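So the chains spell out like this:
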Amino acid sequence: MAEVKKNEEPRIGVFVCHCGTNIAGSVNIQEVKDYAASLPNVVVSNDYQYMCSTPGQNMIVEAIKEHNLSGVVVAACSPRLHEPTFRNATKTGGLNPFRFEMANIREQNSWVHMHQPEEATKKAKDAIRIAVAKASLLQDLHPKSVPVEKAAMVVGAGVGGMQAALDLANAGIKTYLVEKTPTIGGRMSQLDKTFPTLDCSQCILTPKMVDVYRNENIELLTYTEVEGVEGYIGNFDVTLRKKARGVLTPDEAEARGIVGGGCNGCGDCVDVCPVIKPNPFELGMAPRKAIYIYHPQVVPLIYTIDFDSCVKCGLCVDACGDKKAIDLEMQDELMTVKVGTVILATGYDIFPIEKKPEWGYKNYDNVITSLEFERLICASGPTGGKLIRPSDGATPKRVGFVLCAGSRDNTGVGRPYCSRFCCMYSLKHAHQIIEKIPGAVPYIFYMDIRSFGKMYEEFYYRIQDEGAKFIRGRVANILEDPETKNLYIKAEDTLLGRPVDVEVDMVVLAAAVQPSAETERTRRLFGVSCSQDGWLLEAHPKLNPCGTTTAGVYLAGVCQGPKDIPDTVAQAEGAASAASIPIHKGAVELEPYFAQCIEEKCAGCGLCVNLCPYQALSLVEKNGRKVMQVTEAKCKGCGTCGGFCPGGAIWMQHFATPQIIAQIDAFLLGGEE
Ligand code: FAD
Ligand code: SF4
Ligand code: SF4
Ligand code: SF4
Ligand code: SF4
Ligand code: SF4
Ligand code: SF4
């Protein structure tokens with residue numbers, strides 16, 4: 001790669017966008033356009049109402065031809081929105097699409113300086129001057145085409161991950177479905193009924209779980225976690241840790257030569273196991289043994305040993321007998337699979353609501369969370385579907401529901417966002433107690449009811465008609481009568497404008513949700529960003545809600561932000577469709593923002609090798625000396641090596657040192673004042 005020199009005679013065209021009044025409302029377009037025309041190398045400066053429209057793009061195409069342009073600058077919105085649009089126009093005009101530079105005069109200017117027209121106009125001129133300086137030095141670049149592995153991975157097997165895996169598999173793509181717990185199903189398998197239709201959650205989920213299990217294009221990897229990720233879109237090498245389950249599947253038994261062996265789910269081992277632990281699936285409200293399944297409908301129906309509590313007494317081995325399914329010495333296994341694209345569907349956890357002590361969770365026996373309510377009201381739950389007060393086993397007649405518990409909370413303790421499904425499931429819970437407990441009265445303490453989905457508002461009216469009592473106001477605190485264990489909910493009724501104090505037998509906190517525990521580690525492995533509150537960040541909230549800024553990695557379900565089951569499934573289908581496109585195309589083009597080694601300048605010191613976060617650099621022998629080599633497909637163009645190399649031997653394509661210096665000079669030296 002030769003070092004690139006300044007273009008002989010740069011001929012730059014500048015196009016200033018009004019964006020209706022979005023930009024023109026605060027930036028003086030005429031003044032900016034005239035200023036742009038006066039800049040060195042600019043041969044044409046024009047403006048248009050909507051540059052991204054067809055006439056706007058045609059203006060660029062024609063100007064390139066008419067003025068024999070060598071570079072194009074569009075002063076408009078964020079490149080995140082329209083860089084591809086204008087690159088295409090640049091290409092249509094006959095230029096290399098990377099001869100294009102965008103000056104953001106909307107998001108970074110007119111929108112933030114709405115009432116400062118003079119300053120906004122001056123800032124727009126600065127942005128254009130800087131962009132022109134870079135555009136004058138832009139080079140032809142050529143994206144690299146790489147083949148795409150015809151396989152995908154979905155991480156997390158809740159309803160979102162299962163749907164995504166099924167869609168991919170049904171499109172003929174081999175799909176690895178990785179789930180950290182011993183069974184698929186996620187949170188939905190903990191729910192009793194689902195709003196607003198009140199279908200039994202397990203009844204609609206189990207067929208999907210079975211479909212996943214039976215689909216021959218899905219390789220189900222339960223009790224497995226992602227350990228490491230290397231590579232890039234089309235070629236991710238993902239290392240997985242299959243945690244030691246202590247129990248062999250029939251296939252694993254066969255591989256060990258045990259004919260007709262492996263776990264058949266008979267449960268004989270459970271009866272003899274002496275170790276009893278709380279069952280996390282039942283949120284600790286029911287016991288489980290050291291060898292266990294979460295619930296009777298688990299998929300796959302294979303038992304798991306919790307080696308943290310197992311005392312290796314061997315009783316289960318004897319009980320298992322000829323099936324020889326138990327291996328107490330089993331070790332974790334590492335395996336690496338190659339996939340073209342990845343979908344993250346890691347879901348959510350419940351916010352630890354005991355951090356808000358004013359509501360007494362974990363302090364008062366009869367204060368529970370909504371998820372605990374789901375298990376208590378569920379026929380397959382710890383009480384066989386009988387809602388009881390934890391303190392005395394009595395049936396509660398007056399139940400208080402505290403909405404927005406830890407959500408919409410700007411105190412710094414809770415979560416600032418709306419958890420989106422708790423209004424609706426609390427209405428569902430109110431209906432369930434009215435239906436199951438004759439004479440029961442639900443008291444719903446709410447800030448406002450958010451019933452935005454299809455048939456949701458109608459469901460809200462129905463619960464009102466059924467006799468639920470709605471009190472508008474945030475609950476200040478809850479006190480317990482130490483003798484009766486009854487609870488007093490203290491709030492302000494903001495509709496009546498007076499304090500209320502309601503005595504109830506039980507309180508259900510609609511606790512906020514937060515990203516699941518492993519999300520942070522997993523997203524870092526895949527290089528995916530997150531928003532301030534930890535939810536995984538989509539590439540664009542409106543135009544690319546399933547994609548991420550890491551090419552080839554997509555999002556499905558609550559890991560991207562709270563959403564109910566219909567929205568989770570819809571997003572999963574979108575993510576599966578997006579993830580299948582590169583696989584079906586068979587090849588993808590990588591942005592050509594690679595580092596390049598200027599071999600004559602490279603001293604072969606090797607210092608940059610370990611700095612590269614993507615293992616894209618290696619020293620090679622060339623003409624009797626060591627020089628740096630960049631594996632372009634691995635390079636993400638982060639610039640770390642370019643900024644570091646003491647000899648200036650790394651050339652960052654599209655962000656080369658002369659281009660950046662020209663921008664800085666244009667900013668510092670080229671201003672009006
Ligand atoms: P999850 O169900 O959380 O699944 C994520 C999966 O990923 C889990 O299996 C998890 O173990 C796995 N995982 C996490 N991290 C990793 C990792 N690093 N590696 C591998 N696997 C990982 N919605 C409705 O529409 N109707 C209702 O009636 C309803 N009732 C609700 C009641 C309550 C009390 C609550 C809390 C929620 C309710 N919801 C309801 C919302 C519903 O639970 C969610 O919309 C749905 O479960 C989201 O599915 P998901 O696949 O995105 O996430
Ligand atoms: Fe608005 Fe951007 Fe389109 Fe211009 S190019 S009209 S700024 S969206
Ligand atoms: Fe599986 Fe053996 Fe236990 Fe039966 S006894 S559930 S086959 S491990
Ligand atoms: Fe239970 Fe472990 Fe003993 Fe098996 S070996 S019975 S799992 S304690
Ligand atoms: Fe509050 Fe309803 Fe939003 Fe949940 S969904 S945080 S209860 S407003
Ligand atoms: Fe070559 Fe610079 Fe890397 Fe040293 S730091 S090996 S000089 S590219
Ligand atoms: Fe590695 Fe350099 Fe590419 Fe960054 S720019 S990914 S450090 S080779």
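Data block above holds the structure.
All values derive from a computational prediction rather than experimental measurement.

Procedures and definitions
Counting starts from 1 at the beginning of each chain's written sequence and moves along it residue by residue. Labels are handed out in written order, letters beginning with A for the chains and numbers beginning with 1 for the ligands. Where totals are concerned, whole chains, interfaces and linings use all residues; where local detail is concerned, this predicted model gives features only for residues with pLDDT of at least 70, and gives and counts side-chain atom pairs only at 80 or more. Only hydrogens and water are set aside when side-chain values are computed; all heavy atoms of the structure are taken into account. Counting from the N terminus, the helices are the DSSP runs of H or I reaching at least four residues and the strands are the DSSP runs of E reaching at least two. To sort residues, take the accessible area from a 1.4 Å probe on protein chains only and compare it with the maximum for the residue type: under 20% means buried, over 50% means exposed, and anything in between is partly exposed. All accessible-area figures derive from a Shrake-Rupley calculation using a 1.4 Å probe, and residue coverage is judged against the displayed protein chains alone. This count recognises Lys and Arg as positive and Asp and Glu as negative, with His and chain-terminal groups excluded. Think of each charge as sitting on NZ of Lys, CZ of Arg, CG of Asp or CD of Glu. Each residue is tested against the molecule or strand, and it is near if at least one of its non-hydrogen atoms lies within 4 Å. Three classes are used: nonpolar for Ala, Val, Leu, Ile, Met, Phe, Trp, Tyr, Cys and Pro, charged for Asp, Glu, Lys and Arg, and polar for all others, with Gly counted as polar. When the sulfur atoms of two cysteines come within 2.5 Å, that pair is taken as a disulfide. Put simply, a salt bridge is a Lys or Arg side-chain nitrogen that is within 4 Å of an Asp or Glu carboxyl oxygen. Side-chain atoms alone can form a polar contact between residues adjacent in sequence; in general such a contact is a pair of N or O atoms within 3.5 Å, and within protein one must be able to donate a hydrogen while the other accepts it. Here, two residues are considered to be in contact whenever any of their heavy atoms come within 4.5 Å of each other.

Caption draft 1: Just the overall build of the protein chain, in detail. On a plain count of helices and strands, the protein chain comes out with 17 helices and 34 strands. Here the C-alpha coordinates of the protein chain stretch approximately 85 × 75 × 40 Å along the principal axes. Within the protein chain, buried positions represent 54% of all 673 residues. For the protein chain, the accessible surface area stands at approximately 29,600 Å², while carbon and sulfur atoms represent 51% of it. Where the 69 positive side-chain charges of the protein chain centre and where its 79 negative ones centre are 1 Å apart.

Caption draft 2: View of the site of ligand 6. Taken together, the neighbourhood of ligand 6 is formed by Cys-602, Ala-603, Gly-604, Cys-605, Gly-606, Cys-608, Met-628, Cys-645, Pro-646, Ala-649 and Ile-650. Looking at the shell around ligand 6 residue by residue, the classes come out as nine nonpolar, two polar and no charged.

Caption draft 3: Structural detail: the state of the cysteines. Scanning the model with the defined rule gives one disulfide in all. Linked covalently through their sulfurs, Cys-200 and Cys-203 form a disulfide whose S-S length is 2.4 Å. Across the S-S bond of Cys-200 and Cys-203 the torsion is about 80°, and the bridge reads as right-handed. Residue class for Cys-200 comes out partly exposed when judged on its relative accessible area of 29%.

Caption draft 4: Broad picture of the side chain of Lys-563. Here Lys-563 shows up in the loop between strand S29 (553–555) and helix H15 (565–585). The side chain of Lys-563 is buried and forms no salt bridge, while Glu-538, the nearest opposite charge, is found at 7.3 Å. A distance of 2.8 Å separates a polar side-chain atom of Lys-563 from the backbone oxygen of Gly-557. Of note is the side chain of Lys-563, whose polar atom sits 2.7 Å from the side chain of Gln-560. Those residues in contact with Lys-563 that lie beyond four places of it in its chain are Arg-420, Phe-421, Gly-557, Val-558, Thr-568 and Gln-571.

Note that all results are geometric; they support no functional claim without further evidence.
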